[in-house]
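Results of the structural survey
Single-letter residue listing:
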Amino acid sequence: MFTDPISDYLTRIRNANGQPRIVEIPASNMKKRITEILYTHGYIMKYVFDEGFSGQGVIKIALKYDQLSKKPVIKSLQRLSRPGLRKYSGVSEIPRTLGGLGITIMSTPKGVITDKEARKLNVGGEVICSIA
């Protein structure tokens, strides 16, 4: 049992950013939504939600690498809010990652969305992680 499944998700991606091209992660609805956001913004090549025989299922993520330098596209993954210390921000205090070049993922009343979408919808919420 993990005490923080989102940190485990980010750590598995961070650790797999060097060698393997595909990483398998236990699924949950929030992890699925974060994976969809990573795909939409071009940080991963593709993903598959495999329900399998167990009820939980697995997310298989194919990581994306730069074609010329063979370096991973994801430079940094940082967990901002954690179970012991939740970080919330209103719409005016939403942090920017790399001055707007990266994304910040938030859990809001409108769902799990990026910082840009939260500003557009004028909602605040829990700041989950930042990706650059």
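Described below are features of the structure shown in this document.

Calculation rules
- Residues numbered from 1 in each chain as written.
- Predicted model: local features only at pLDDT ≥ 70, side-chain atom pairs only at ≥ 80, totals over all residues.
- Heavy atoms only, no water.
- Phe/Tyr/Trp six-rings, centres within 6.5 Å; stacked < 30°, edge-to-face > 60°.
- Buried < 20%, exposed > 50% of the residue type's maximum accessible area, 1.4 Å probe, protein only.
- Helix = DSSP H or I, 4+ residues; strand = E, 2+ residues; numbered from the N terminus.
- Expected span 1.5 Å × (residues − 1).
- Contact = heavy atoms within 4.5 Å.
- Salt bridge = Lys/Arg side-chain N within 4 Å of Asp/Glu carboxyl O.
- Core = buried A, V, L, I, M, F, W, Y, C linked by side-chain atoms within 4.5 Å.

A word on the packing of aromatic side chains
Enumeration over the complete set of coordinates arrives at two aromatic pairs. Centre to centre, the rings of Tyr 39 and Tyr 47 are 5.3 Å apart; their planes meet at 75 degrees, and the pair counts as edge-to-face. In this structure Tyr 39 comes out as partly exposed when scored by relative accessible area, which is 41%. Taken together, a centroid distance of 5.1 Å and an interplanar angle of 50 degrees make the contact between Tyr 47 and Phe 49 tilted.

What to know about helix α1 (residues 5-16)
Given a rise of 1.5 Å per residue, twelve residues ought to cover 16 Å, and the 17 Å separating the end C-alpha atoms of α1 matches this to within 8%. Of all the positions in α1, only Ile 6, Asp 8, Tyr 9, Leu 10, Ile 13 and Ala 16 are classed as buried. Against β1 (22-26), α2 (29-40), β3 (58-63), β4 (77-79) and β8 (125-131) lie the buried residues of α1.

Re the pattern of salt bridges
Scanning all chains against the criterion turns up eight salt bridges. Taking the shortest distance from any N to any O, the salt bridge between Arg 79 and Asp 4 comes out at 3.0 Å. Taken together, the residues Arg 79 in strand β4 and Asp 4 in the segment before α1 connect sequence positions 75 residues apart. Here the two residues Arg 79 and Asp 4 agree in accessibility, since each one is buried. Linking Arg 12 and Asp 8 is a salt bridge whose minimum nitrogen-to-oxygen distance equals 3.0 Å.

Examining the nonpolar core
Nonpolar side chains tend to gather and get buried jointly when the protein is soluble and globular. Judged by nonpolar contacts, the single largest core of 25 residues is most densely connected at Tyr 9, Ile 13, Ile 34, Leu 38, Ile 61, Ile 105 and Ile 131. Those elements that provide at least two residues to this core are α1, β1, α2, β3, β6 (103-108) and β8. Per-element tally for this core: the top contributor is α1, with five residues. Setting aside residues up to four positions removed in sequence, Ile 34 forms contacts with Ile 6, Tyr 9, Ile 105, Val 112 and Ile 128. Counting six residues, the second-largest nonpolar core is a separate cluster that includes Ile 94, Met 106, Ala 118 and Val 127.

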